[in-house]
Amino acid sequence: MITAPATKSSSGTLYSGPARPVRRRRRRIPWGVYIALVPTLGLLGFFSYYPDINGLVHSLTNWEPGFSSPFVGLANYRAMWHDSLWWQSFGHIGIIFLVAITAMWAIPLGAAELVITLSNPRWRFIFRALLIAPLAFSPVIQVLTWEFIYDPNVGVLNHFLGSIGLSGLEKNWLGDPNTALFALIFINFPWVASLPFLIFGAGLQNIPQEIFDAAAIDGAGRFRRFLVIDLPLLMRQIKLLFFLAIVFVLQYGFAAYITTQGGPNNATTVPVLRMLGVAFDADEWGYAAALSTTLLVIMIVMSGLTLLVGRRRTLREAR
Amino acid sequence: MALQPVTHPAGGLSVPAVGARHTKVRGRVVTRRRLVDLTAAAILSCLAFVGIFPYLYMLETALKSNSQFNSNEATPTWPLHFSNFVTAWGDVAPYLLASVIVAACTMIGCLALGSITGFVLARYHFPGRNLFFGLIALLLMVPNIASLIPLFVLMRDLHLLNTYPDLIIPQLTTQTVFAVVLMKTYIEQLPNELFDAAHIDGASSARTYWSITLPLARPIIGTVALFSVISVWSEYFWPELTIVTNSLRTVPVGVQFFQGELTTAYGPLFAGYIIASVPLLVLFVVLAKNFLAGIQGGLAVDR
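Residues numbered from 1 in each chain as written. Chains lettered and ligands numbered in written order. Predicted model: local features only at pLDDT ≥ 70, side-chain atom pairs only at ≥ 80, totals over all residues. Heavy atoms only, no water.

**Description of the overall build of chain B**
For step 1, the next point in the chain: Broken down by element type, chain B carries 14 helices and zero strands.
For step 2, the next point in the chain: The contacts in chain B between residues at least 6 apart in sequence include a share of 72% that link residues at least 24 apart.
For step 3, the next point in the chain: Roughly 13100 Å² of accessible area belongs to chain B as shown, and the carbon and sulfur atoms make up 69% of that amount. (Helix = DSSP H or I, 4+ residues; strand = E, 2+ residues; numbered from the N terminus. Contact = heavy atoms within 4.5 Å. Areas by Shrake-Rupley, 256 points an atom, 1.4 Å probe, with all protein chains shown as cover.)

Following this line, the structure appears as structure tokens:
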């Protein structure tokens, strides 16, 4: 018996009329579709599911690729529990996370509000394009450009400080343990060419103009409108971005890998770098698999929560 | 449904209402409106300038010789040295070639797999349909970095490290997942009448796929193609850890390697960054709408 999954997923469209269930009951199973699905499922099964599950299994072993891998139970996870560098790296992404959900939201949200405040649609379009333009550069080139800005000898930042008479503040920004983490965070400042800007912007654009007009007639000023109307209506975007920020910091790593290699003195180690170091430098693949599996599970849980947040909104809209 | 809200540019539709309201109350309100506009534009200009500044600086430095850079770092100097681009081209061209090959294979593969799978999942009813889609969509939650360690071991066992398949396969799996989800969601929203009419006219499944679904899915095809290229131009760790042959390096690891070679020749270095960025820049300008649709669609898994 074939159930009716399609009715659920396409109930939003106009065309799923009452004629469908009757016809579907008579329809035979179209066996050909399984053949059509084989290439995709085969590819994903072998190159996505198999490695992930293999990693999970081998996180319980002393993995030596190419040789026998003795089973060690939860020893790798116990080692992780006592790995101070691993927990220190979570502290670092904790700091990055705090900036990611405050300053990295506030500036893009402010920019998105200013863009919709402009009365001329052409100017809105131009500013939106200029603000997201840096996204068109490869992230590695963005990081390398910023590395150059921070350069202690020829970098723009030190030159700038020197030219306004603050040469006392000149630093080796990425080489000093006290500033390295914040230098990394400030890459791509003011963070407007980012997902939060796009999501806030789309959210604000979808608020019906009538609501703004009604607020204006009731005498609400621009700032009051922001607090009473825009912010509550953006709540769903904020929830979504909250979970995306968690997944973002868990993946954080390539900028640190390129510029600081986790140093100086482990001041910028993040979980991804610790995991890669354990695998490729220390050659402890079983332990690396345990760290990798831990990250994978946290990310799946967080993404699942993101989906739930999205789903709840759909239900509310349907009512 | 999830795809349409952001695609109309700049939300221009709602604007006349505001204008009309303000012209009615003349004088004070109109000037206030202007003041607000000017303030907003001024702040936005500052933000945009700070954001774009590093890239303007990159362009400026790319046109300087080393002695010009050493004597005057901050402002543009004449003559402009376009020869830096010629010097950089020789170094960057292999990375561009490798990236274009990887992106093209990824694009073709994920469009073929994504459109067939999306079509089947959206248009046929069969046992396991939701399970298969769930299994594919679940992978959307697994970032590449979380599978890197076990995938490295698998590729090593298959003796594929440091080859084109090694570069293409991880891109292909990620992009296929993305393509299936976008395609399925989109094809589901196409009106049933079209498919019923084709069925009545006696069109086979293959014909319905090729002559009806594919032409209608063109906007999504653009989105998927753009994201394949963005992904190749962004992926850093995988090529960094698995590729040692210089001609196989893609742009992200290529430019970093190139930076190590040219530590003091800033002009050619930045010229190289610009050359390496051009394909992505061009695609962004051409397919900007598809980019926004992709962001929105990728977040809206099965709404």
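**What to know about the overall build of chain A**
For step 1, the next point in the chain: When its secondary structure is counted, chain A shows 17 helices and zero strands.
For step 2, the next point in the chain: For chain A, the proportion of its 319 residues judged to be buried stands at 50%.
For step 3, the next point in the chain: Here the analysis covers contacts within chain A between residues at least 6 apart in sequence; of these, 63% occur between residues at least 24 apart.
For step 4, the next point in the chain: In the structure as shown, chain A presents an accessible area of about 15700 Å², 66% of it carried by carbon and sulfur atoms. (Buried < 20%, exposed > 50% of the residue type's maximum accessible area, 1.4 Å probe, protein only.)

**Focus on the side chain of Asp52 of chain A**
For step 1, the next point in the chain: Residue position: Asp52 of chain A is located in helix H3 (residues 32-58).
For step 2, the next point in the chain: Buried charge Asp52 of chain A goes without a salt bridge, the closest partner of opposite sign being Arg156 of chain B at 17 Å.
For step 3, the next point in the chain: Not counting the four nearest positions on each side in its chain, Asp52 of chain A is found in contact with Leu296 of chain A together with Val142 and Ser147 of chain B. (Lys, Arg positive; Asp, Glu negative; His and termini not counted. Salt bridge = Lys/Arg side-chain N within 4 Å of Asp/Glu carboxyl O.)

**Digging into the nonpolar core**
Across soluble globular proteins, you tend to see nonpolar side chains buried next to one another.
For step 1, the next point in the chain: With 182 residues, the main nonpolar core has Leu131 of chain A together with Phe237 of chain B as its most contacted residues.
For step 2, the next point in the chain: Once residues lying within four places of it in the same chain are set aside, the contact partners of Phe237 of chain B are Gly253, Phe254, Tyr257, Val272, Leu273 and Leu276 of chain A together with Ile145 and Leu148 of chain B. (Core = buried A, V, L, I, M, F, W, Y, C linked by side-chain atoms within 4.5 Å.)

**Regarding the packing of aromatic side chains**
For step 1, the next point in the chain: Inspection of the entire model under this criterion finds 35 aromatic pairs over all chains.
For step 2, the next point in the chain: Taken together, a centroid distance of 5.8 Å and an interplanar angle of 40 degrees make the contact between Phe53 of chain B and Tyr57 of chain B tilted. Taken together, the residues Phe53 of chain B and Tyr57 of chain B, both in helix H2 (residues 28-62) and four residues apart, mark about one turn of the helix.
For step 3, the next point in the chain: Residue classification places Phe53 of chain B among the partly exposed positions, given a relative accessible area of 27%.
For step 4, the next point in the chain: For Tyr57 of chain B, a relative accessible area of 6% translates into the label buried.
For step 5, the next point in the chain: Plain terms: the ring middles of Tyr266 of chain B and Phe270 of chain B are 6.4 Å apart, the flat faces sit at 25 degrees to each other, and that makes the pair stacked. Here Tyr266 of chain B and its partner Phe270 of chain B are both found in helix H13 (residues 266-286), four residues apart, which amounts to about one turn of the helix.
For step 6, the next point in the chain: Residue Tyr266 of chain B is classed as buried on the basis of its relative accessible area of 12%.
For step 7, the next point in the chain: Residue classification places Phe270 of chain B among the buried positions, given a relative accessible area of 1%.
For step 8, the next point in the chain: Taken together, the aromatic side chains of Phe148 of chain A together with Phe49, Phe53, Tyr57, Tyr266, Phe270 and Tyr273 of chain B make up a single cluster linked through ring pairs.
For step 9, the next point in the chain: Against the face of Phe212 of chain A rests Arg225 of chain A, its NZ or CZ located 3.6 Å from the ring centre. (Phe/Tyr/Trp six-rings, centres within 6.5 Å; stacked < 30°, edge-to-face > 60°. Lys NZ or Arg CZ within 6 Å of the ring centre and 35° of its normal.)

**Thoughts on the interface of chain B and chain A**
For step 1, the next point in the chain: Taken together, the contact between chain B and chain A spans 102 residues of the former and 109 residues of the latter.
For step 2, the next point in the chain: Where chain B packs against chain A, one counts zero salt bridges.
For step 3, the next point in the chain: Between the two partners, chain B and chain A, sit 10 residue pairs in polar contact (both at pLDDT 80 or more).
For step 4, the next point in the chain: The leading source of residues in the side of chain B that touches chain A is H2 of chain B, at 18 residues.
For step 5, the next point in the chain: Residues belonging to the side of chain B that touches chain A are distributed by class as follows: 71 nonpolar, 19 polar and 12 charged. (Polar contact = N/O pair within 3.5 Å; in protein donor to acceptor, adjacent residues only side chain to side chain. Nonpolar A, V, L, I, M, F, W, Y, C, P; charged D, E, K, R; others polar.)

**Digging into the environment of Val247 of chain A**
For step 1, the next point in the chain: If you trace the backbone, Val247 of chain A turns up in helix H14 (residues 235-251).
For step 2, the next point in the chain: Expressed as a C-alpha distance, the spacing of Val247 of chain A and Thr306 of chain A, which sit 59 residues apart in the sequence, is 10.0 Å.

**Some points on the pattern of salt bridges**
For step 1, the next point in the chain: This model, assessed by the stated rule, comprises eight salt bridges over all chains.
For step 2, the next point in the chain: The residue Arg33 of chain B makes a salt bridge to Asp37 of chain B at a minimum N-O spacing of 3.4 Å. With Arg33 of chain B and Asp37 of chain B both in helix H2, this residue pair falls four residues apart, about one helical turn.
For step 3, the next point in the chain: For Asp37 of chain B, a relative accessible area of 17% translates into the label buried.
For step 4, the next point in the chain: Of the charged contacts, one joins Asp157 of chain B and Arg156 of chain B as a salt bridge, the two residues approaching to 2.9 Å between their closest N and O atoms.
For step 5, the next point in the chain: Take Arg156 of chain B: its relative accessible area is 34%, and that puts it in the partly exposed class.
For step 6, the next point in the chain: One network of salt bridges, with partners in common, ties together Glu113, Arg222, Arg225 and Asp230 of chain A.

**Side note on a nonpolar patch on the surface**
For step 1, the next point in the chain: Taken together, the side chains of Trp123, Phe125, Ile126 and Leu130 of chain A present a nonpolar region at the surface, about 380 Å² in accessible area.
For step 2, the next point in the chain: Overall, Leu130 of chain A belongs to the partly exposed group, its relative accessible area being 36%. (Patch = residues over 30% accessible without salt bridge, like charges linked within 9 Å, V, L, I, M, F, W, Y side chains within 5 Å.)

**Details of the environment of Ser69 of chain A**
All names here are of chain A.
For step 1, the next point in the chain: Along the polypeptide, Ser69 turns up in the loop between H3 and helix H4 (75-81).
For step 2, the next point in the chain: Using a relative accessible area of 23% as the deciding quantity, one classes Ser69 as partly exposed.
For step 3, the next point in the chain: When the C-alpha atoms of Ser69 and Trp285 are compared, they prove to be 10.0 Å apart, with 216 residues separating the residues in sequence.
For step 4, the next point in the chain: Residues in contact with Ser69, not counting those within four places in the same chain, are His58, Thr61, Asn62, Trp63 and Glu64.
For step 5, the next point in the chain: At 3.3 Å, the side chain of Ser69 forms a polar contact with the backbone nitrogen of Glu64.

**Re helix H6 (residues 144-157) of chain B**
An α-helical turn contains 3.6 residues, so a residue and the one three or four places further along point in the same direction.
All names here are of chain B.
For step 1, the next point in the chain: Between its first and last C-alpha, H6 extends 19 Å over 14 residues, near the 20 Å set by a 1.5 Å rise per residue.
For step 2, the next point in the chain: With 11 of 14 residues buried, H6 is to be regarded as a mostly interior element.
For step 3, the next point in the chain: Positive phi shows up at His159, right after H6, with a value of about 55 degrees. (Expected span 1.5 Å × (residues − 1).)

**Structural notes on the packing of helix H9 (residues 205-216) of chain B against helix H10 (residues 218-234) of chain B**
Helix-helix packing is characterised by the crossing angle of the two axes and by the distance between the axes.
Residues and elements named next belong to chain B.
For step 1, the next point in the chain: At a minimum axis separation of 5 Å, H9 and H10 run at an interaxial angle of 65 degrees. Viewed along their axes, H9 and H10 adopt a mutual orientation that is roughly perpendicular. Of the residues in H10, those touching H9 at Leu214, Pro215 and Leu216 are Arg218, Pro219 and Ile221.
For step 2, the next point in the chain: Looking at the contact of H9 with H10, its residues break down into five nonpolar, no polar and one charged. (Axes fitted to C-alpha atoms, helices over the stretch in contact; angles between N-to-C directions. Parallel < 35°, antiparallel > 145°, perpendicular 65-115°, else oblique.)

**Some thoughts on unusual backbone geometry**
Residues apart from glycine generally show negative phi values, whereas peptide bonds are mostly found in trans.
All names here are of chain A.
For step 1, the next point in the chain: Residue Pro190 follows Phe189 across a cis peptide bond; omega there is 5 degrees.
For step 2, the next point in the chain: Following the sequence through the fold, Pro190 ends up in the loop between helix H10 (180-185) and helix H11 (195-205).
For step 3, the next point in the chain: Phi is positive for Asn188, which is not a glycine, with a value near 70 degrees.
For step 4, the next point in the chain: Secondary-structure assignment places Asn188 in the loop between H10 and H11.
For step 5, the next point in the chain: The partly exposed category is assigned to Asn188, whose relative accessible area is 27%.
For step 6, the next point in the chain: A positive phi angle, near 60 degrees, is found at Asn266, a position not held by glycine.

**Things to note about the confidence of the model for chain A**
All names here are of chain A.
For step 1, the next point in the chain: Scored by pLDDT, chain A has a mean of 84; 88% of the residues are at 70 or more.
For step 2, the next point in the chain: Helix H5 (residues 84-100) holds the highest mean pLDDT among the elements of chain A, 93, whereas helix H1 (residues 5-9) holds the lowest, 39.
For step 3, the next point in the chain: Confidence over residues 1-23 falls short of pLDDT 50; this stretch has 24 contacts with residues more than four positions distant or in other chains. (pLDDT = per-residue confidence, 0-100.)

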